[in-house]
Amino acid sequence: MFITGILGIFSLVISIAIPVLLVLISIWIYQIKSNSQIQVEQNKEIIELLKRG
């Protein structure tokens, strides 16, 4: 009986942890993409400044 309770709690934790991890990974990927786009724009500005100088 004790093992059944532990397995039930363990499966509950897993069933909650997987969606939470998926959301966190999605946010992380979005931030990487957003920062990458910002970096591309900054690099374009740097190249323009170097061309002028």
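Okay, so let's go over this structure.

Conventions we followed
- Residues numbered from 1 in each chain as written.
- Predicted model: local features only at pLDDT ≥ 70, side-chain atom pairs only at ≥ 80, totals over all residues.
- Heavy atoms only, no water.
- Helix = DSSP H or I, 4+ residues; strand = E, 2+ residues; numbered from the N terminus.
- Buried < 20%, exposed > 50% of the residue type's maximum accessible area, 1.4 Å probe, protein only.
- Salt bridge = Lys/Arg side-chain N within 4 Å of Asp/Glu carboxyl O.

1. A look at the environment of Leu-7
Working step 1: Checked against the element boundaries, Leu-7 lands in helix H1 (residues 2-52).
Working step 2: By relative accessible area, Leu-7 is classed as exposed at 52%.
Working step 3: In this structure the C-alpha to C-alpha distance between Leu-7 and Ser-34, which are 27 residues apart in sequence, comes to 40 Å.

2. A short note on the pattern of salt bridges
Working step 1: Taken as a whole, this structure holds one salt bridge when the rule is applied.
Working step 2: Across the pair Lys-44 and Glu-41 runs a salt bridge, and its minimum N-O distance is 4.0 Å. Within this pair, Lys-44 and its partner Glu-41 are both found in helix H1, separated by three residues, close to a single helical turn.
Working step 3: Glu-41 sits in the partly exposed class, given a relative accessible area of 37%.

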